[in-house]
Amino acid sequence: MSTLPDDHKSYHIITYGCQMNENDSERLAGQLRKLGYEETRDMADAAIILLNTCCVRESAEKKIYGKIGELKRLKAANPNLIIGVAGCMAQKDRDKLFKKAAHIDLVLGTHNLHQLGELVEEILQSRERVLAVWEQAEQNAPDVPTIRKNQISAWVPIMYGCNNFCTYCIVPYVRGRERSRPLSDIVGEVRELGGQGFKEITLLGQNVNSYGKDVPGHADFADLLTAVDRDGTIARIRYMTSHPRDMNAKVIAAIRDGNHICEHFHLPVQAGSDAVLARMNRGYTVDYYLNLVRQIRREVPGASLTTDIIVGFPGETEEEFSETLNVIKTVRFDAAYTFLYSQRSGTPAAAMPDQVPPDIKKERLQRLMQAQNDISLELNRRQEGQRVEVLVEGDSKNDANKMMGRTRTNKIVIWEKTGAETVGDLVQVEISSGQTWVLKGHLRQPV
Ligand code: 5AD
Ligand code: SF4
């Protein structure tokens, strides 16, 4: 029998995956709060446990299935516990989850997240399990309240879904086609966040550069950036994530001319070989990408550049891999997020011949990471002696005597706490040591 009283109303949400999922979890939390539930850090104390899931790589899925297995024990100890699995993996594995994991009460797809509140009420009344996974998004799904995790920096979705169908990627299958939010809704949300004291926003979408393209005559991403910048209520504007094919001169100019748009370009290159890029269906060549980088460097001097790279895409030869190494050495990215190619069933690449053996993939990943770490270190060392503007985010994770924040270029900065800095302040830090992942320095003054 339940060890918790019936009126015990607390929830625990575990989020896997990208920023879009983090933001979705804030919207899930908002709906539970509306029903009177409070967050608890202790899973064993929760009346509702939600896993907001990711399926972009097999490693994420394995972790989540492991966690689902662990939850069985909690459900056995407390049959009143409601366990929900939401998001991308729920969308993909809905039947498997619903049929095989009898301790899961709710499977909630990516297009059904706004239904959480009503479905929890339904489960409480009927004590029946619920499968809510629509194939497609509803037109004009209602807005739901958001409980934000962070009081300084906020995520603002600008569009949902993806139309690109890169051959390795599961996202278009689980998040559906591109749907842009109206510009006025986005600007309204940003203004509200500014009024609440938020200092930074990140505009979110799977491919923000195609914002507005799904509605004829609609404002585009550059227009949106300019509108949010002109509104002037937010000190730092960021966006995630870009597709190089859709990044254009108008967007670069908007970033150059904006006052608040951060000088950081995250442009996932994925591979440095034209043949691999073609097999990936990325829609650009290495030459095109390098030209884009030159254009960015010319228009926005001092901007940082980061990327995503997949190693071991089907058929990747040693020669093709070495072209990727060449590209990172040519571009000199500030940082690269590197991934082992993961076969996602249902995607075209999963059925391609010549899958690369795991040991070769791992060995290439090591070489790629080493090359990139050397570059990151070199670039970060160049910052030594410079003063940078830092948004104070909080205590350093590893040392309570230190503070951490980020530059406009999105580099992490750590410095000795002086007591003069407050979370949310913009301060000046003089960099004394540039390292691979962080810059270390001393507080000079509030800006
Ligand atoms: N295997 C490995 N990495 C992948 N990504 C997307 N799909 C896969 C996959 N099947 C990476 C891409 C993308 C990032 C978010 O995840 O690099 O940019
Ligand atoms: Fe996946 Fe490509 Fe869409 Fe990014 S742009 S979500 S990698 S299909």
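Residues numbered from 1 in each chain as written. Chains lettered and ligands numbered in written order. Predicted model: local features only at pLDDT ≥ 70, side-chain atom pairs only at ≥ 80, totals over all residues. Heavy atoms only, no water.

Caption draft 1: Seen up close, the domain arrangement of the protein. If you check the domain split of the protein, you get domain 1 (10-132), domain 2 (153-381) and domain 3 (387-446). The gap between the C-alpha centroids of domain 1 and domain 2 is 29 Å. Contacts between domain 1 and domain 2 engage 18 residues on the former and 18 residues on the latter. Across the domain 1/domain 2 interface, buried area totals approximately 1700 Å², and carbon plus sulfur atoms make up 59% of it. Together, Q19, M20 and R57 form the three largest contributors to the area buried by domain 1 at its contact with domain 2, with a combined 35%. Residues D24 and R175 are paired through a salt bridge, measuring 3.1 Å at the closest nitrogen-oxygen approach. Between the two partners, domain 1 and domain 2, sit 7 residue pairs in polar contact (both at pLDDT 80 or more). Elements with a minimum of two residues in the side of domain 1 that touches domain 2: α1 (19-34), α2 (58-77) and α3 (88-92). (Domains from an automatic or database assignment. Contact = heavy atoms within 4.5 Å. Buried area = accessible area lost by both parts, 1.4 Å probe. Salt bridge = Lys/Arg side-chain N within 4 Å of Asp/Glu carboxyl O. Polar contact = N/O pair within 3.5 Å; in protein donor to acceptor, adjacent residues only side chain to side chain. Helix = DSSP H or I, 4+ residues; strand = E, 2+ residues; numbered from the N terminus.)

Caption draft 2: Structural view of the site of ligand 1. Near ligand 1, the surroundings consist of V56, R57, Y168, Q270, D308, I310, F339, L340, Y341, S342 and R344. One nitrogen or oxygen atom from the side chain of D308 is found 2.7 Å from an oxygen atom belonging to ligand 1. In isolation ligand 1 has 400 Å² of accessible area, and contact with the protein removes 85% of it. When its residues are assigned to classes, the shell around ligand 1 shows 6 nonpolar, 2 polar and 3 charged. (Near = heavy atom within 4 Å. Areas by Shrake-Rupley, 256 points an atom, 1.4 Å probe, with all protein chains shown as cover. Nonpolar A, V, L, I, M, F, W, Y, C, P; charged D, E, K, R; others polar.)

Caption draft 3: Seen up close, unusual backbone geometry. Looking along the chain, the bond that leaves M240 and enters T241 is cis, with omega of -5°. Along the chain, T241 turns up in the loop between β11 (236-240) and α9 (249-257). Unlike most non-glycine residues, R127 shows phi in positive territory, near 60°. Relative to the elements of secondary structure, R127 occurs in the loop between α5 (116-126) and β6 (130-132). Accessibility expressed as a relative area gives 44% for R127, which makes it partly exposed. One non-glycine residue, N281, lies in positive phi territory at about 60°. Along the chain, N281 turns up in the loop between α10 (274-279) and α11 (286-299). (Buried < 20%, exposed > 50% of the residue type's maximum accessible area, 1.4 Å probe, protein only.)

Caption draft 4: Structural view of the site of ligand 2. Taken together, C162, N164, F165, C166, Y168, C169, V171, P172, Q206, H243 and R282 make up the full set of residues near ligand 2. Here the shell around ligand 2 is built from residues that sort into 7 nonpolar, 3 polar and 1 charged.

Caption draft 5: Region of interest: the pairing of strand β13 (residues 304-311). Counting buried positions over the 8 residues of β13 gives 8, a clear majority of the element. Side-chain alternation along β13 places S304, T306, D308 and I310 on one buried face and L305, T307, I309 and V311 on a second face that is also buried. As defined by bridge partners, strand β12 (residues 264-266) adjoins β13 across 3 bridges and the pair is classed as parallel. The residue of β13 that forms the bridge with H266 is T306. In the sheet, β13 pairs with strand β14 (residues 335-340) via 6 bridges, with the strands oriented parallel. Its bridge partner lying in β14, I309 is registered against T338. (Pairing = 2+ DSSP bridges.)

Caption draft 6: Quick look at α2. Its 20 residues give α2 an end-to-end C-alpha distance of 30 Å, which sits within 8% of 28 Å, the value for a rise of 1.5 Å per residue. Every buried residue of α2 is accounted for by A60, E61, I64, K67, I68, L71, L74 and K75. (Expected span 1.5 Å × (residues − 1).)

Caption draft 7: Structural context of the side chain of S304. Relative to the helices and strands, S304 resides in strand β13. In this structure, S304 is in contact with E263, H264, F265, D334 and T409, ignoring residues within four places of it in sequence.

Caption draft 8: Examining the nonpolar core more closely. Counting 68 residues, the largest nonpolar core has I201, L203, F221, L225 and F265 as its most contacted members. With residues near it in sequence (within four places) discarded, F265 still touches Y239, M247, I252, I255, I296, V300, A303, S304, L305 and T306. Counting residues in hydrophobic clusters, the runner-up holds 26 residues, among them Y16, M43, I64 and L97. (Core = buried A, V, L, I, M, F, W, Y, C linked by side-chain atoms within 4.5 Å.)

Caption draft 9: Main features of the sheet that holds strand β7 (residues 153-157). In spatial order, the strands read β7-β10-β11; together these 3 strands make up an open sheet with parallel pairing. Either end of the sheet is taken by a strand with one partner, and the two such strands are β7 and β11. Geometrically, the sheet is characterised by an average inter-axis angle of 25° between neighbouring strands, direction not taken into account. This element, helix α7 (residues 183-195), spans β7 and β10 (200-204) of the sheet and lies at about 170° to β7. (Axes fitted to C-alpha atoms, helices over the stretch in contact; angles between N-to-C directions.)

Caption draft 10: Structural context of the packing of α1 against α5. It is at 8 Å that the axes of α1 and α5 come closest, and there the two elements cross at 50°. By the angle class used here, α1 and α5 are oblique. The way α1 lies across α5 gives a crossing that is right-handed. Across the interface between the two elements, L28, Q31 and L32 of α1 pack against L116, G117 and V120 of α5. (Parallel < 35°, antiparallel > 145°, perpendicular 65-115°, else oblique. Left-handed = near helix turned anticlockwise from the far one by under 90°.)

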